[in-house]
Amino acid sequence: MVKERIAQEQKRLDDSRSKSKDWLKWGPYLSERQWGTVREDYSPDGDAWNYFSHDDSRSRAYRWGEDGIAGISDRYCNICFGISLWNGKDHILKERLFGLTGPQGNHGEDVKELYYYLENTPTHSYMKHLYKYPQNQFPYVQLVEENRKRGKNDVEYELLDTGIFDNDEYFDVVTEYAKADNEDILIRISIANRSAKAAPIHVLPTLWTRNLWSFVGMPEKPIIKKQIHNGQTFVSIDHIYVGNYNLYFEAPSRLLFTENETNMEKIYAQPNDHPFKKDLFHSSVINNDYSIIAANNQGTKFAPLYQLHLEGGETKTIKLRLTASSLNDPFNKGFEATFSKRIQESQEFLDATFKTATEEAKEIQKQAIAGLLWSKQYYNYEVERWLNGDHKEMPPPQSRFNGRNKQWKTLRNHDILAMPDKWEYPWFAAWDTAFHCVSLALVDPSFAKDQLLLFTKEWYMAPNGQIPAYEWNFSDVNPPVQAWASLQVYQMEKKKTGKGDIAFLKRMFNKLALNFTWWVNREDSLENNVFEGGFLGLDNIGVFDRSRDIPGGGVLEQVDGTSWMALYCLNMLEMALEIALEDISFEDMTMKYFGHFVFIAEALNNISQDYNGSWDESEGFFYDKLIFPNGESLPIKVRSISGLLSLTAVLNIKKEYLDKLPRFRKSMEWFRRHRIENAKYQVMEEYFENQDVLLSLVPKERLQKLIGSILDEKEFLSQFGIRSLSKIHKNPYTIHIDGQIYGINYEPAESTTGLFGGNSNWRGPIWMPMNYLFINSLREYHSYFGNKLEFSYPTGNGNRMNLKDISDEIGKRLILLFEKDANGNRPIHQLHEKHYRDPHFKDLILFYEYFHGDSGRGVGASHQTGWTALVVNLMEEI
């Protein structure tokens, strides 16, 4: 029976992939924030945060998507469902999550709510979400005002800091979905009063259709209409693009209908053509005035209203059912039986997927995977149409055509994407997505592969081969980790199924070759195989903004840019080797990438009469170099992960590959002899016939020095992983350039600069994806050196270990972030330990964007399960 249930979830995945039954048509694809995004910004100056605000979102129809709480939609966001709540005291319904905009927050944008992703399966056959809703007036103004008072050196003021939960005067609202069939979705909303006192709550499970008719027109406007059959009241949904559905619900206090259309009077001070606007539910419920809405029995937005009164400690449940079928008894015994079955299938799928033994570890993995899957979102952005606008009578300002993303007219996104954080970052970031896929591959390798392939499509990748970074500036440069992620996903699936998807590798390889060429042509301005790149995802890692205004009018040769390209070379080489085993025509490409890697390694490491490389022998570290127009150079001596990234460019080519690809082996041997004869830099320090071959950007002597630094607790090694900046910079580093002073210092938590919005910090905190890369690299070195290469761990304590054991120990430190200590506290929740010892909080886990370099507390986006879900990979691999 257990095998049968596990097979059921896998069968649903297989049916979806084969298109025999579309189990993925409906899912958690609704964004958690559509307002304040670039897509909705039609301002002349690109002020997205202020052009479409949280206040506007109640009354103004969105153009490019929708948002809600604990919501679902079809894959194109035509029909949406989410929960709305009212505690009887707020001035608005809780229809969407509230948070501070980038300019409002002392550390950038930040959601100010408490919600948790508890469970989700790959086909979304079962999903569970928790929202904690205060019974007293939500502190909207207090959160804005207090954060406004705080500076860059202060922590953020969070909802728990307001005291709103101190007396347990709140509701736990649990929303669950179970699919009885691919188009039959059971919905169960449980509201628990955590207070000892009775409290009222209005619950509005809301169904609505995305407004396309007001912007691009539709052959037929959708309609949600009241129906009565056999004494049962329900609504029908007719949608020309999606089909016909029914929403069944238990008897409510009343029915509410309106239109998902802009309140022109409120937003633009223009007359409305009718009173049934997007915000009518707010005014009707809060003012207890249903005189206008009572006459309406159809629209494009609908909610059955439940006016509940809960005694202290009481829980009440509301049942609904969204289905393509007509049902006489939608809430029969089969309703609860389906939930029980799907819950059991979900748990058994997780048990079969992960080897974890302890209950605590299982809960960490379950919530991490839940967050990863809940973060799937429909993302629609067509740049050319966005630039031109939709209304001829209201053309967008001309300044837009010289503004953001103007050169990306070929970009047309209309897909389900794994988002970094559906509130803080409800848009893709190219390198984030690559890391997401490595965790997604644990439960759904097909979806992981599809995500990676999307970024190589003609409607994503620019004609010149550039991969779009993120919507605030598609032309920014993210690290090129798509090839690395493709290999990880390929190898994970091969290990799981026994067969690798060579066709997938080929498709990725062919398109990434274009992107690789873009990098070579655009990010190596001096044509010396030392790369720039600017931002490269590491926001404030430099002493100045590396993407623009380089001091002295020079060029910054970046160790991280060069290291990323060396890693890219090796990833492409490894892909070519793997493919060549089945398609010998790819053997030619192995030498192309091998040769390019040699040139990059030479450029980074070489010190000659004419050129000083990036390595500082006396300090044992790689540093960025500022090259001035007159040819003089200046090292920027910051000890950061930028200098350590050189460790990630390593590949151990196994003997069996060399045996099966003799032309590659002969070419490699010739290349080595040629460089010896011409006294050129040797990348292969060791070469023995009939043995593996190590390709490493860092030669062994320098490798030992860098690993000594990374394992030094006075520098990079924290109790909870590897820091992004050495702790020696507690004494600030400063440098004089062109008459100005630039500097950097160790900041283990929030950023004290405003670079790139100020909400991310690479000057000391621990970042999961970078740690995962370093751990993988140490394992690769160990696969070649074995026990012949050992280090003191931590540096200086005399306890020598091989690199595999060291990588495991670093992984264990990262896992500690989420585990309870002897006192029941998780490091991530350090600022709110009292609350998280409460019985209704103690098992809830947030997966933050990054972590305090010393204490391990969570920092940044609080629901960035995307790449922080890599902790699950670590738990499986150690």
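Residues numbered from 1 in each chain as written. Predicted model: local features only at pLDDT ≥ 70, side-chain atom pairs only at ≥ 80, totals over all residues. Heavy atoms only, no water.

### A few points about the overall build of the protein chain
- Scanning the protein chain from terminus to terminus reveals 23 helices and 34 strands.
- Against the compact-globule benchmark of 29 Å for 878 residues, the protein chain has a radius of gyration of 28 Å, which places it among compact chains.
- Each principal axis of the C-alpha distribution contributes one length, and for the protein chain these read about 90 × 65 × 60 Å.
- Within the protein chain, buried positions represent 63% of all 878 residues.
- Counted over contacts in the protein chain with a minimum sequence separation of 6, partners at least 24 positions apart contribute 72%.
- Summed over its atoms, the accessible surface of the protein chain is roughly 31500 Å², and 47% of this surface lies on carbon and sulfur atoms.
- Across the protein chain, the mean location of the 101 positive side-chain charges is 3 Å away from that of the 120 negative side-chain charges. (Helix = DSSP H or I, 4+ residues; strand = E, 2+ residues; numbered from the N terminus. Rg over C-alpha atoms; globule rule 2.2 N^0.38 Å. Buried < 20%, exposed > 50% of the residue type's maximum accessible area, 1.4 Å probe, protein only. Contact = heavy atoms within 4.5 Å. Areas by Shrake-Rupley, 256 points an atom, 1.4 Å probe, with all protein chains shown as cover. Lys, Arg positive; Asp, Glu negative; His and termini not counted. Charge placed at Lys NZ, Arg CZ, Asp CG, Glu CD.)

### Section: the packing of aromatic side chains
- All chains considered together, the criterion is met by 61 aromatic pairs.
- The rings of Y42, W64, Y379, Y381, W386, W408, F428, F455, Y460 and F474 are connected pair by pair, giving a single aromatic cluster.
- The side chain of K376 reaches across the aromatic face of F447, ending 4.1 Å from its centre. (Phe/Tyr/Trp six-rings, centres within 6.5 Å; stacked < 30°, edge-to-face > 60°. Lys NZ or Arg CZ within 6 Å of the ring centre and 35° of its normal.)

### Some remarks on the sheet that holds strand β1 (residues 26-27)
- On the basis of which strands lie adjacent, the open sheet formed by six strands has the order β1-β2-β3-β10-β16-β14 and antiparallel pairing. Among the strands making up the open sheet, the edge pair consists of β1 and β14 (254-258).
- Sheet topology note: the strand β3 (residues 79-86)/strand β10 (residues 199-209) ladder contains eight bridges and is antiparallel. Following the sheet pairing, C80 is matched in β10 by W208. (Pairing = 2+ DSSP bridges.)

### Some points on helix α18 (residues 662-677)
- With 16 residues, α18 should reach 22 Å at 1.5 Å per residue; the first-to-last C-alpha distance of 22 Å fits that figure.
- Turning to α18, its buried residues are F664, M668, F671 and R675. Angularly, the buried residues of α18 cover 60° about the axis, an arc narrow enough to put them on a single face. In α18, the exposed positions that point more than 90 degrees away from the buried face belong to K666 and E677.
- The elements touched by buried residues of α18 are α14 (559-580), α15 (587-605), β25 (650-653), α17 (655-660) and β26 (693-696).
- Where α18 terminates, the next one or two residues include A679, which has phi positive at roughly 55°. (Expected span 1.5 Å × (residues − 1). Arc of directions from axis to C-beta.)

### Concerning the sheet that holds strand β11 (residues 223-229)
- Spatially, nine strands are ordered β6-β7-β8-β9-β17-β13-β12-β11-β15 in an open sheet, and the strand pairing comes out antiparallel. A single partner strand is all that each edge strand has here, and the edge strands are β6 (114-120) and β15 (298-299).
- Across nine bridges, the pairing between strand β9 (residues 184-193) and strand β17 (residues 315-323) is antiparallel. Residue pairing across strands places I191 opposite K316, the latter belonging to β17.
- Docked against the sheet, helix α7 (residues 333-353) engages β6, β7 (126-134), β8 (170-181), β9 and β17, running at close to 90° with respect to β8.
- The strands that helix α8 (residues 359-374) touches are β6, β7 and β8; relative to β6, the one it contacts most, it runs at about 100°. (Axes fitted to C-alpha atoms, helices over the stretch in contact; angles between N-to-C directions.)

### Focus on unusual backbone geometry
- The amide bond that connects Y793 to the next residue, P794, takes the cis arrangement and shows omega of -15°.
- Of note, the phi angle at H124 is positive, near 60°, even though the residue is not glycine.
- Mapped onto the elements, H124 comes out in the loop between β6 and β7.
- Judged by relative accessible area, which is 0%, H124 ranks as buried.

### Some thoughts on the pairing of β6
- When you tally the buried positions in β6, you get seven out of seven residues, the bulk of the element.
- Summarising the sheet, β6 and β7 pair through six bridges and their orientation is antiparallel. Paired with Y115 across the strands is Y131, a residue of β7.
- In sequence, β6 turns back onto β7 through a hairpin of five residues, with H124 there showing a positive phi of about 60°.

### Quick notes on the state of the cysteines
- By the definition in use, this model includes zero disulfides.
- Among the cysteines around C77, which has no disulfide bond, C80 carries the closest sulfur, lying 3.7 Å off.
- Its relative accessible area of 1% is what places C77 among the buried residues. (Disulfide = S-S within 2.5 Å.)

### A short note on helix α20 (residues 768-785)
- Under the 1.5 Å per step criterion, the end-to-end length of α20 is 26 Å for 18 residues, consistent within 8% with the ideal 26 Å.
- For α20, the buried fraction is high: 15 of the 18 residues fall into the buried class.
- G786 lies just past α20 and shows a positive phi near 60°.

### Some words on the pattern of salt bridges
- The final tally for this structure, using the stated rule, is 63 salt bridges.
- Among the salt bridges present, the one from E261 reaches K221, with a minimum N-O distance of 2.9 Å. Taken together, the positions of E261 in the loop between β14 and α5 (264-268) and K221 in the loop between β10 and β11 put the pair 40 residues apart, joining distant regions of the chain.
- Taking relative accessible area as the criterion, K221 reaches 36% and is therefore assigned partly exposed.
- One salt bridge in this structure joins K494 and E578, with 3.0 Å as the shortest N-O distance. Of this pair, K494 sits in helix α12 (residues 482-497) while E578 is found in helix α14, placing the two residues 84 residues apart along the sequence.
- Among the residues examined, E578 registers a relative accessible area of 9% and is labelled buried. (Salt bridge = Lys/Arg side-chain N within 4 Å of Asp/Glu carboxyl O.)

### A few points about the side chain of E747
- On the secondary structure map, E747 appears in the loop between β30 (740-744) and α20.
- R763 provides the closest opposite charge to the buried, salt-bridge-free E747, at an N-O distance of 4.4 Å.
- Ignoring any residue separated from it by four or fewer positions in sequence, one finds E747 in contact with T752, N761, R763, G764 and P765.

### Here's the deal with the pairing of β26
- Of the two faces of β26, the one carrying V693 and L695 and the one carrying L694 and S696 are both buried.
- Sheet topology places β25 next to β26; four bridges connect them, and they run antiparallel. In the sheet register, V650 faces β26, and the bridge partner there is S696.

### Let's talk about the side chain of H863
- Inspection of the secondary structure assignment puts H863 in the loop between β34 (858-859) and α22 (865-868).
- Look at H863 and you get buried, because its relative accessible area is 4%.
- In this structure, H863 is in contact with Y115, Y117, P420, D421, L846 and F847, ignoring residues within four places of it in sequence.

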